[in-house]
Structures are given as C-alpha cells and as structure tokens.
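# Close look at the chain arrangement
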Amino acid sequence: MKVRDKVCVVTGAAGGIGEAIARRYAKEGAKGVVIADRDAGRLEAVAKDIKGIAVACDVGKEADVRHLIAEAERHFGPVDVFFSNAGIGRGGHEDATDQDWADSWAIHVMAHVYAARALVPGMLARKSGYLLNTASAAGLLASMGSAPYGVTKHAAVALAEHLAIQYGDKGIVVSVLCPQAVDTNMLRMAGSTAASVDGVINTDAVAQTVIEAMDAETFLILPHPEVKEYMGRKLDRDRWLRGMRRLRDKTGESWKKPG
C-alpha cells in the first residue's frame, strides 16, 4: 500500500516511533494524518508541523479509540491506515503490581483489539485497509527486565497473526512492527542510552523500514535484521533458554535474589 492520498491514524505520536511515522506519512502525501497520545501539548506541536489533527487519547480505553477514529472520519473520511503504536515500559517480573500488568495489557494488546473492532467492518465493506500494530523484538524473543512488557508484546504479535489469518485475503493488510533498540524516550527511561545498547537505530530509520514494508505489504517488519537470526536460534528452545540465562548473568540487569 502506498500512503499517498490515504487517511492515516497514528497513536503514541507525541514522540518516538509514532511521531517519526506520522511525519513520514505526511511527507509521503497522505490525504490526512490524525495523531493521538496522552501528551496533548506535545501532540499539538507535532500536528501543527505536519498539518494534521491531534486527538488526546488513552488507547487503553475503547471509548477513546472509537472517538479517535470518529474524529479522523469527520475530518478526512474513512480510515485507510491505522498505526496502533502506543506503548509503555513497566519493569518487574511475576511480582510486578497488578496495575502494571493491567496497564501493559490494556495498551499493548487491548488497544489493538479496540482499533480492529472499530475498523474491520468498514474495511471489509470497502475491501481495503491497513492495520499496523507495534509490538517489539521482545514479543518475538524475550524481555529479561520486564515480564509485563515481554508477555504483552508476545500477545500483540499473536493478535496480529490472528487478524492477518482472518482478514488477509479479504482486502485488509495486517503488519506487526518488531524493532529492537530504538533511540527513544522509552529506551532512555529504561536506563539505556544510544551509546550503551548494541544495534540501536534512530526513529527515522524505523520509519523508512515501515514505508518499505507497507509498499511490499510485509507482515513482520524487522528494522533490525539480526532479529530474524535470533528467532532462528529460538527454535531449539532449551539451548536458547540456557543462552538467555548466561546473558542474564553477564548483564546482571534482571537477576534477583530469591526471598
């Protein structure tokens, strides 16, 4: 799918990957770009730059997602591309708080569900549409420092697969974006910097990969090609788990003493 003349919605667009994609959609000649985030102030600034529409939105609430889509349709017409990108980073293992688990589930999984519920009927009727969901390489591999993050990102990949199976031959294209380290505020808030993370790339590089993948209608979008190799190693699950435990011990980032 080409973005030119399409109505595009991007969530989590006040910064990071979402902002980069929104700017790229505008540059590619989208008919209209509607951006959403909880950071309304920063969102307005981005919207002004790209001549788009800003909608303050909590994607963990279905009513907010439906309102976002209604605003996009009111301004520009039916939504062609929905990039469900918002994400959060909450640390912890199985002992993370129930609220951190619930928030991660709502934003990393249910937000995609809410978008699909609202958009699939119209896209099926038009036999055209693109659902692009952000997961993470953690959704294919592991997230040693955060069980809520890794588990819900795995679920996001599974949901995208389900949607692709159900609707991929009915005019709806589904893709899932699974980057590794990207130079964003989320990466820095996790205590990492561009200098300390192997293979970190910038958001413009991610945007370029997304545009190319949308042109090819590729399901699995990997801005870091090495992730495909890592996925292959995971086929021998026992060997992979032993390797991950060695990496855990080497980094010391996520190991905790019992009791």
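Described below are features of the structure shown in this document. Every value quoted in this text rests on a predicted model; they were computed, and no experiment measured them.

### Some remarks on the environment of E94
Relative to the assigned elements, E94 resides in the loop between β4 (81-84) and α4 (98-126). You can call E94 exposed: its relative accessible area is 61%. When the C-alpha positions of E94 and L247 are compared, they lie 20 Å apart, and in sequence the two are 153 residues distant.

### Comments concerning the sheet that holds β4
If you trace the seven strands from one edge of the open sheet to the other, you get β3-β2-β1-β4-β5-β6-β7, paired in parallel fashion. Bordering the open sheet on either side are β3 (53-56) and β7 (220-221), each of which pairs with just one other strand. Inspection of the sheet shows strand β1 (residues 7-11) paired to β4 by three bridges, in the parallel sense. Note that in β4 the partner of C8 across the bridge is V81. Docked against the sheet, helix α3 (residues 62-76) engages β1, β2 (32-37), β3 and β4, running at close to 160 degrees with respect to β2.

### As for the pairing of strand β6 (residues 172-177)
For a regular strand, side chains alternate in direction, first toward one face of the sheet and then toward the other. Among the six residues that make up β6, six are buried, leaving the element largely enclosed by the rest of the structure. Of the two faces of β6, the one lined by I172, V174 and V176 and the one lined by V173, S175 and L177 are each fully buried. Traced from strand β5 (residues 129-134) through helix α5 (residues 147-167) to β6, the parallel crossover comes out right-handed. Where β6 and β7 come together, two bridges link them in parallel fashion. Counterpart to V176 in the pairing with β7 is L220.

### Focus on a positive patch on the surface
On the surface, R239, R242, R245 and R246 cluster together to form a positively charged patch. Within the secondary structure, R242 sits in helix α9 (residues 237-251). The exposure class assigned to R242 is partly exposed, which follows from its relative accessible area of 44%.

### Here's the deal with the state of the cysteines
Inspection of the entire model under this criterion finds zero disulfides. Here C8 is not disulfide-linked; the sulfur of C57 is the nearest cysteine sulfur, at 17 Å. Judged by relative accessible area, C8 falls into the buried class, the value being 0%.

### Thoughts on the packing of helix α1 (residues 16-27) against helix α7 (residues 203-216)
α7 packs onto α1 with a crossing angle of 55 degrees between their chain directions and a minimal axis gap of 9 Å. By the angle class used here, α1 and α7 are oblique. The handedness of the crossing between α1 and α7 comes out as right-handed. Contact residues: α1 offers G16, I17, A20, I21, R24 and Y25, while α7 offers T203, D204, V206, A207, Q208, V210, I211 and M214. Grouping the constituent residues of the contact of α1 with α7 by class yields nine nonpolar, three polar and two charged.

### What to know about the packing of aromatic side chains
Going through the model one piece at a time under the given rule, you end up with zero aromatic pairs. In this arrangement the basic side chain of K234 is found over the ring face of W240, its NZ or CZ atom lying 4.6 Å from the centre.

### Details of the side chain of D58
Summarising the element assignment, D58 is placed in the loop between β3 and α3. Buried charged residue D58 carries no salt bridge. Nearest counter-charge: K61, at 4.1 Å. If we ignore the near neighbours within four places in the chain, the residues touching D58 are R38 and D64.

### Topic: the pattern of salt bridges
Charged atoms that come close allow side chains of opposite charge to pair. Tallied over the entire structure, the rule returns 12 salt bridges. The salt bridge partner of E19 is R42, with a shortest N-O separation of 2.7 Å. With E19 in helix α1 and R42 in helix α2 (residues 40-50), this pair connects stretches of sequence that are 23 residues apart. A salt bridge links R66 to E62; its shortest N-O distance comes to 3.6 Å. Note that R66 and E62 are positioned in helix α3 at a spacing of four residues, about one turn of the helix. One network of salt bridges, with partners in common, ties together E19, R23, R42 and D49.

### Side note on the packing of α3 against α4
Orientation of α3 relative to α4, taken along the N-to-C sense of each, is 45 degrees, at an axis distance of 9 Å. Classified by the angle their axes make, α3 and α4 are oblique. Every pair of crossing elements has a handedness; the one defined by α3 and α4 is right-handed. Residues E62, V65, R66 and I69 of α3 lie in contact with α4, whose contacting residues are Y114, A115, R117, A118 and L119. Across the contact of α3 with α4, the residue classes break down as six nonpolar, no polar and three charged.

Definitions and limits used
Residues numbered from 1 in each chain as written. Predicted model: local features only at pLDDT ≥ 70, side-chain atom pairs only at ≥ 80, totals over all residues. Heavy atoms only, no water. Helix = DSSP H or I, 4+ residues; strand = E, 2+ residues; numbered from the N terminus. Buried < 20%, exposed > 50% of the residue type's maximum accessible area, 1.4 Å probe, protein only. Pairing = 2+ DSSP bridges. Contact = heavy atoms within 4.5 Å. Axes fitted to C-alpha atoms, helices over the stretch in contact; angles between N-to-C directions. Right-handed = clockwise from strand over helix to strand, strands pointing away. Patch = residues over 30% accessible without salt bridge, like charges linked within 9 Å, V, L, I, M, F, W, Y side chains within 5 Å. Areas by Shrake-Rupley, 256 points an atom, 1.4 Å probe, with all protein chains shown as cover. Salt bridge = Lys/Arg side-chain N within 4 Å of Asp/Glu carboxyl O. Lys, Arg positive; Asp, Glu negative; His and termini not counted. Charge placed at Lys NZ, Arg CZ, Asp CG, Glu CD. Disulfide = S-S within 2.5 Å. Parallel < 35°, antiparallel > 145°, perpendicular 65-115°, else oblique. Left-handed = near helix turned anticlockwise from the far one by under 90°. Nonpolar A, V, L, I, M, F, W, Y, C, P; charged D, E, K, R; others polar. Phe/Tyr/Trp six-rings, centres within 6.5 Å; stacked < 30°, edge-to-face > 60°. Lys NZ or Arg CZ within 6 Å of the ring centre and 35° of its normal.

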